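Notes for the structure review
These are the residues of each chain, in order.
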Amino acid sequence: MGVLITVLAVFAVAGLVLLALSVRNVQQYEKGVVFRFGRLLPDIRGPGLRVIRPIGDRMRKVSVQTEVLGIPPQGSITADNVTLTVDAVVYFKVIDPVKALVNVRDYPAAVSQIAQTSLRSVIGRADLDTLLSDRDHINAELKKVMDAPTEEPWGLRIERVEIKDIALPESMMRSMSKQAEAERERRARVIAADGEFEASQRLTDAAATMADTPGALQLRLLQTVVDVSAEKNSTLVMPFPVEMLRFFEHQSRDTGGASDGRVTHRITRSTRSSAVPEGVVIPEPAIPSPALPSPAIAPALSLSGERVGSGGKRIGSRAEVARERRDNWPTRKDAEESLSG
């Protein structure tokens, strides 16, 4: 009886061991490939508890998740003979576990090697400007080059290939920075020239408007005075019309200068210096201000509002008023007689 119990216990333990060796747990993100005595079974085991033969069967689990593989920096020469270093990253996944296990020994290492060679090949066919400005085209071409030897024979799908960094030589970086600076300066000059052109057009329109409306120019002048005076300046520069100076010049020419008997007394420095020896200082002659007697000046306006001259006749224009005042202004002789009297 005791021997029977022992035999049963041994068989029970052996059954538990065989059961443990027969049960396999497959995760949701895995696929199970079973080999029986080294021969591939056609059925691929899905996720869950799967039972295989404890003797002769061997299960290999393959992950169907997307794997990320970094490509180490690769030195290459572009189509325009620029040496640079490029590194990238590859995203791939297993779509056929049987091919991934049977056709290739270590598919992650194989993907890494083919990614390096494809990266060098694609960079060698592209120039530097395309590599820097059109990354999407380079990534798509690199993915296309890697799909050909991996998808059909190895059961792998390259989902995405991205170029991470492009390391340029120092001399090339300095040249590119100078080029970018020159391009920015060119754009700034073009924008400034466009602004000057538009401003000149607006100023031309404003000048035409002010020429048609003289009051607008006066209002603009007053506004400028207000803007200048708002800054609490002690000096105010006012524009003086050149036409007014020309008016006084014509008036002086019409009246004949100082032909009315008035004396103009001027002593120049050159005259005094030629007649006086060195070291002698001659004071300037003091010309007393003339006392203007009230009867000598005739009023330009009468009480009735009419302009009346010294002879009692009416004066119409401002030029006649100025001539009347000049003719009746006391001369130097009248001033000396008034002072001596």
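Above this note sits the structure.
Here's what I pulled together on the structure shown here. (Residues numbered from 1 in each chain as written. Predicted model: local features only at pLDDT ≥ 70, side-chain atom pairs only at ≥ 80, totals over all residues. Heavy atoms only, no water.)

Quick word on the overall build of the protein
Our working rule: Helix numbers and strand numbers start at the N terminus; a helix is a DSSP run of H or I with at least 4 residues, a strand a run of E with at least 2. Contacts were defined at the residue level, with two residues in contact if any of their heavy atoms lie within 4.5 Å. Note on areas: these come from Shrake-Rupley sampling with a 1.4 Å probe, and a residue is covered only by the protein chains present in the view.
Summing up its helical and strand segments, the protein has 11 helices and 8 strands in all. Residue pairs in contact within the protein that sit at least 24 positions apart in sequence constitute 61% of those at least 6 positions apart. For the protein, the accessible area works out to roughly 24,500 Å², and carbon and sulfur atoms hold 57% of it.

Regarding the sheet that holds strand 3 (residues 39–45)
We apply this condition: Only when DSSP finds a minimum of two bridges between them are two strands counted as paired. Each axis is a line fitted through C-alpha atoms, taken for helices only over the stretch in contact, and angles between the N-to-C directions span 0 to 180 degrees.
The 3 strands lie next to each other as 3-2-5, forming an open sheet whose pairing is antiparallel. Pairing within the sheet leaves two strands with one partner each, and these edge strands are strand 3 and strand 5 (57–63). In this sheet, adjacent strand axes meet at a mean angle of 25° when their direction is disregarded.

Side note on the sheet that holds strand 7 (residues 83–94)
As summarised here, the arrangement of the 3 strands in space is 6-7-8, forming an open sheet in which the pairing is antiparallel. Only two strands of the sheet have a single partner each, and these edge strands are strand 6 (67–77) and strand 8 (156–167). Neighbouring strand axes in the sheet, compared pairwise and without regard to direction, differ in orientation by 25° on average. Inspection of the sheet shows strand 6 paired to strand 7 by 9 bridges, in the antiparallel sense. Pairing of I71 across the sheet is with A88, part of strand 7. Lying over the sheet, helix 3 (residues 107–125) contacts strand 6, strand 7 and strand 8, oriented at roughly 35° with respect to strand 6. This element, helix 5 (residues 135–154), spans strand 7 and strand 8 of the sheet and lies at about 145° to strand 8.

Focus on unusual backbone geometry
So the rule is basically this: Throughout, exposure labels follow a simple rule: accessible area from a 1.4 Å probe, protein chains only, divided by the maximum for the residue type, with under 20% read as buried, over 50% as exposed, and the rest as partly exposed.
Of note in the backbone geometry, F37 takes a positive phi value of approximately 55° without being a glycine. When its relative accessible area of 67% is taken as the criterion, F37 is described as exposed. In this structure, N81 takes a positive phi of about 65° despite not being glycine. By secondary structure assignment, the location of N81 is in the loop between strand 6 and strand 7.

Some remarks on the pattern of salt bridges
Convention followed: Basic side-chain nitrogens of Lys or Arg form a salt bridge, by our definition, when they fall within 4 Å of a carboxyl oxygen of Asp or Glu.
Within this structure, the stated rule accounts for 8 salt bridges. A salt bridge links E183 to R186; its shortest N-O distance comes to 2.5 Å. Note that E183 and R186 are positioned in helix 6 (residues 170–212) at a spacing of 3 residues, about one turn of the helix. Exposure remark for R186: the relative accessible area of 45% places this residue in the partly exposed category. Across the pair E183 and R187 runs a salt bridge, and its minimum N-O distance is 3.3 Å.

Observations regarding the packing of helix 3 against helix 5
For the record, the criterion: Crossings are sorted by hand: turned counterclockwise from the far helix by less than a right angle, the near helix makes the crossing left-handed, and turned clockwise it makes it right-handed. When residues are sorted by character, Ala, Val, Leu, Ile, Met, Phe, Trp, Tyr, Cys and Pro go into the nonpolar class, Asp, Glu, Lys and Arg into the charged class, and all the rest, Gly among them, into the polar class.
Closest axis-to-axis distance for the helix 3/helix 5 pair is 9 Å, and the angle between their directions is 145°. When you trace helix 3 past helix 5, the crossing you get is right-handed. Listed contacts from helix 5 to A110, V111, I114, A115, S118, L119, V122 and R125 of helix 3 are I138, E141, L142, V145, M146, P149, T150 and W154. Within the contact of helix 3 with helix 5, the residues separate by chemical class into 12 nonpolar, 2 polar and 2 charged.

Keep in mind these numbers describe shape, not what the thing actually does.
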